[in-house]
Amino acid sequence: MTRGRIRSRGPGLRTSATAPAKSAPRSLHRRRFELPALVVLLVLLAAASASAEAPVIPQYGPDKHEGVSSCDGSTCHGSAAPRNDRNVRQDEVLIWTEEDRHSQRAYKVLLNRDSKRISQNLGRKKPPHQDDLCLDCHADNPPKDKRRTENNAFRVEDGVGCEGCHGGAERWLRPHDSGATHAKNVELGMYPTDEPIARTRLCLSCHLGDRKKFVDHRLMGAGHPRQSFEVALFSILQPYHWEPDADYTARGKQAPSDVKLWAIGQAVAVDEVLDAMLDDERNRLGLFPELVLYDCQACHHGIDKMRRWRPRQSTGLGPGVVRLNDSNFLMLVQALQLIDPAAAKTLRTDLKALHQGASEGRGDPKAIARRIRANIAKLLPKMEKWKVDAKALRALSKNVLADALGGEYADYAGSEQAAMALQTIVYGYYAEELIDDAVYDGLEQRELTKLLDAVADPDKFNPDAAKKAFRALQKKLAGR
Ligand code: HEC
Ligand code: HEC
Ligand code: HEC
Ligand code: HEC
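Note that the coordinates shown come from a computational prediction; the quantities given were computed from them, not determined experimentally.

Caption draft 1: The overall build of the protein chain, seen in detail. Secondary structure assignment for the protein chain yields 25 helices and zero strands. Restricting to contacts in the protein chain with at least 6 residues of sequence separation, those with at least 24 account for 71%. When the accessible surface of the protein chain is split by element, carbon and sulfur atoms take 54% of a total near 21,800 Å².

Caption draft 2: Inspection of the coordination of the iron atom of ligand 2 at higher detail. Surrounding the iron atom of ligand 2 are the protein donor atoms His166 (NE2) and His241 (NE2), at 2.0 Å. Here the iron atom of ligand 2 is ringed by six donor atoms whose angles at the metal span 87 to 179°, and the overall shape comes out octahedral. Of the two residues, His166 is situated in helix H9 (residues 162-166) and His241 in the loop between helix H14 (231-237) and helix H15 (246-250); the sequence distance between them amounts to 75 residues.

Caption draft 3: Region of the structure containing the coordination of the iron atom of ligand 1. Donor atoms from the polypeptide that bind the iron atom of ligand 1 are His138 (NE2) and His224 (NE2), placed at 2.0 to 2.1 Å. Around the iron atom of ligand 1 sit six donor atoms, and with donor-metal-donor angles ranging over 85 to 179° the site reads as octahedral. Taken together, the positions of His138 in helix H8 (residues 132-138) and His224 in the loop between helix H13 (217-221) and H14 put the pair 86 residues apart, joining distant regions of the chain. Given the relative accessible area of 22%, His138 is considered partly exposed.

Caption draft 4: View of the nonpolar core. With 97 residues, the main nonpolar core has Trp262, Phe329, Ile372, Met383, Ile425 and Phe470 as its most contacted residues. Considering every element that reaches this core, the biggest residue donor is helix H16 (residues 258-278), with 14 residues. Here Met383 is in contact with Lys260, Ala263, Ile264, Ala267, Leu332, Ala335, Leu336 and Ile339, once residues within four sequence places are set aside. Cys134, Ala139, Phe154 and Val156 belong to the second largest nonpolar core, which has seven residues in total.

Caption draft 5: Expanded view of the environment of Tyr240. Locating Tyr240 in the fold gives a position in the loop between H14 and H15. For Tyr240, a relative accessible area of 9% translates into the label buried. Put simply, Tyr240 and Glu92 are 148 residues apart on the chain and 9.1 Å apart in space, counted from C-alpha to C-alpha.

Caption draft 6: Region of the structure containing the site of ligand 1. Within the structure, ligand 1 sits among 20 residues, and Arg101, Cys134, Cys137, His138 and His224 are positioned closest to it. Note that a nitrogen atom of ligand 1 is positioned 2.8 Å from one of the side-chain N or O atoms of His138. A distance of 2.7 Å separates a nitrogen atom of ligand 1 from a polar atom in the side chain of His224. Among the elements that make up the shell around ligand 1, the one with the highest residue count is H8 (four residues). For the shell around ligand 1, the per-class residue count stands at twelve nonpolar, six polar and two charged. Residues lining the shell around ligand 1 come from more than one domain, with at least three contributed by each of domain 1 (3-55 + 193-477) and domain 2 (61-191).

Caption draft 7: Structural view of the packing of aromatic side chains. Scanning all chains against the criterion turns up five aromatic pairs. Consider the rings of Tyr427 and Tyr440, whose centres lie 5.8 Å apart with planes at 15°: the pair is stacked. One end of the pair, Tyr427, is in helix H22 (residues 412-431); the other, Tyr440, is in helix H23 (residues 437-445), with 13 residues separating them in the sequence. No difference in accessibility class separates Tyr427 from Tyr440, as the two residues are buried. A connected cluster of aromatic rings, assembled from ring pairs, spans Tyr427, Tyr430 and Tyr440. Between the NZ or CZ atom of Lys212 and the centre of the ring of Tyr60, over which it lies, the distance is 4.1 Å.

Caption draft 8: Representation of the pattern of salt bridges. Per the stated rule, a full pass over the model turns up 32 salt bridges. Salt bridges here are not isolated pairs; linked through shared partners, they connect Arg201, Arg211, Asp271, Glu272, Asp275, Asp279, Arg282 and Arg373.

Rules used in this analysis
Residues numbered from 1 in each chain as written. Chains lettered and ligands numbered in written order. Predicted model: local features only at pLDDT ≥ 70, side-chain atom pairs only at ≥ 80, totals over all residues. Heavy atoms only, no water. Helix = DSSP H or I, 4+ residues; strand = E, 2+ residues; numbered from the N terminus. Contact = heavy atoms within 4.5 Å. Areas by Shrake-Rupley, 256 points an atom, 1.4 Å probe, with all protein chains shown as cover. Donors = N, O, S within 2.8 Å, 3.2 Å for Na, K, Ca; no water. Tetrahedral: all angles 85-135°; square planar, octahedral: opposite > 155°, others 65-115°. Buried < 20%, exposed > 50% of the residue type's maximum accessible area, 1.4 Å probe, protein only. Core = buried A, V, L, I, M, F, W, Y, C linked by side-chain atoms within 4.5 Å. Near = heavy atom within 4 Å. Polar contact = N/O pair within 3.5 Å; in protein donor to acceptor, adjacent residues only side chain to side chain. Nonpolar A, V, L, I, M, F, W, Y, C, P; charged D, E, K, R; others polar. Domains from an automatic or database assignment. Phe/Tyr/Trp six-rings, centres within 6.5 Å; stacked < 30°, edge-to-face > 60°. Lys NZ or Arg CZ within 6 Å of the ring centre and 35° of its normal. Salt bridge = Lys/Arg side-chain N within 4 Å of Asp/Glu carboxyl O.

This is the structure in structure tokens:
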């Protein structure tokens, strides 16, 4: 996580004081709709969780991609201002072009000097903007025969275009424009971006990687930035080009609260990380491990200022060993603590065993990884039904902060995930009206900014400074 990112794009999007004038009303607007939508939501969730089959990631789907130009009509999604006369904003293309890094910008970075260096360091034959290795994540990159080439409709230069997330539109383009229900669109190949599990898998397919594309340690060694992701916060940062209002849920779409999205996102992230560990193409757990799955700072830090190491109960490991990056596991434990305490306890035990297997070669880490995945599959339906009320929010912030102060997030990645989680939880306090605008703005400008600063730069991370920031937030939230 870079300093600029959360500061200028995160909190900035959410407080009227610091926000770019254009974004603030939209994101705050969204908040107001969350509460009344809850009842409809619960009914929908019960119906939706029945179908367990994972939808196909858009890039790998069977349908032709029609191109951003096919969405861009001024009475469709190419309006220069919000219209909302057809349920949706209709200025989605503009938001994507101007504020969303997935637009042409995701492609354009492949033309810059950093990309060329990465590519040269790896000895790639093609330049990055023609190399599928890079295009698979920096653009919507379906196979050539799945692109509408007539009239230059589909252009890979458009970056991660609409269909990179919403699915190839070949079958749903016309129906969705003439009143098809959301369920019908999904049946015709639209990707269910509203569903938390499906959304997280989609984002992680690029923000972590999947079985077909992956930023491994070689890519990072060649100069690719480190990946960090949390689905609720990153959805806000994207930023929203949608409004989960009353008609949204009435149309059969899910609008989970941010904290629920966060919790499910952590479960899916753990599942995907374990999949990477179990995938022989990407990793040999224990023997020749894929270093990207380990805590970067276990290896990467100066040896001049030593004594950074702190004992951590959840690893059970001593100093001087390479550790798995378990930040998503630690967050999942927190969510489960409230949803299913027995499952939280099991995960804590399994995590310790996984650490010992991965770092010290003890036991059978693959079997443990498979067991954790099986447990997550069983827990997800329960997580989808979780009701995140005031009580849950208070318990969650209390527990996360207690663990932070107890030294559980002494590793950079742990502190980073905890900080992102607290950002989302405090946001939840605001949405549930446990704090008012003034208190929220104050936290955003002081305690949360300090906390995010403390985790802004992995190279400068100091666990004691992070602890101090966690403590300051704890003080401010006490009694709220
Ligand atoms: C598995 C997906 C994936 C692959 C493969 C991938 N990238 Fe990336 N790349 C990302 C994501 C996601 C980010 C944004 C990371 C963040 O900011 O959290 C990124 C960021 C970058 C950045 C920094 C962008 C900026 O705005 O500063 C560069 C440069 C880059 N990638 C180049 C490349 C090149 C060159 C290749 C091919 C050799 C490549 N990437 C392959 C997913 C990928
Ligand atoms: C990085 C992924 C991503 C990209 C790229 C993307 N979207 Fe979305 N879009 C989402 C997510 C997530 C949602 C929210 C969940 C939902 O409503 O399905 C969404 C929602 C929407 C909605 C639904 C609003 C509603 O009220 O039902 C529309 C319309 C939309 N996007 C259009 C577009 C268009 C047009 C583009 C291209 C300019 C685009 N999106 C690009 C992820 C993306
Ligand atoms: C097809 C690959 C792909 C998918 C799918 C995808 N992203 Fe990205 N995302 C990228 C790349 C590549 C970048 C970096 C672009 C750049 O820096 O120019 C990025 C950047 C971002 C950023 C900006 C990060 C920063 O450093 O400022 C956010 C926020 C983000 N993505 C959120 C999401 C969310 C939320 C989803 C799922 C709804 C998603 N992404 C799905 C490829 C993808
Ligand atoms: C087990 C130890 C280990 C872990 C864990 C690890 N690395 Fe590395 N990393 C190395 C080694 C060894 C090199 C090669 C150093 C060299 O060539 O001088 C390296 C090289 C690099 C380089 C290139 C440095 C340079 O000066 O050119 C980058 C960038 C990098 N790693 C990033 C990461 C990131 C990001 C993570 C976490 C996602 C990570 N590493 C995890 C050991 C590790």
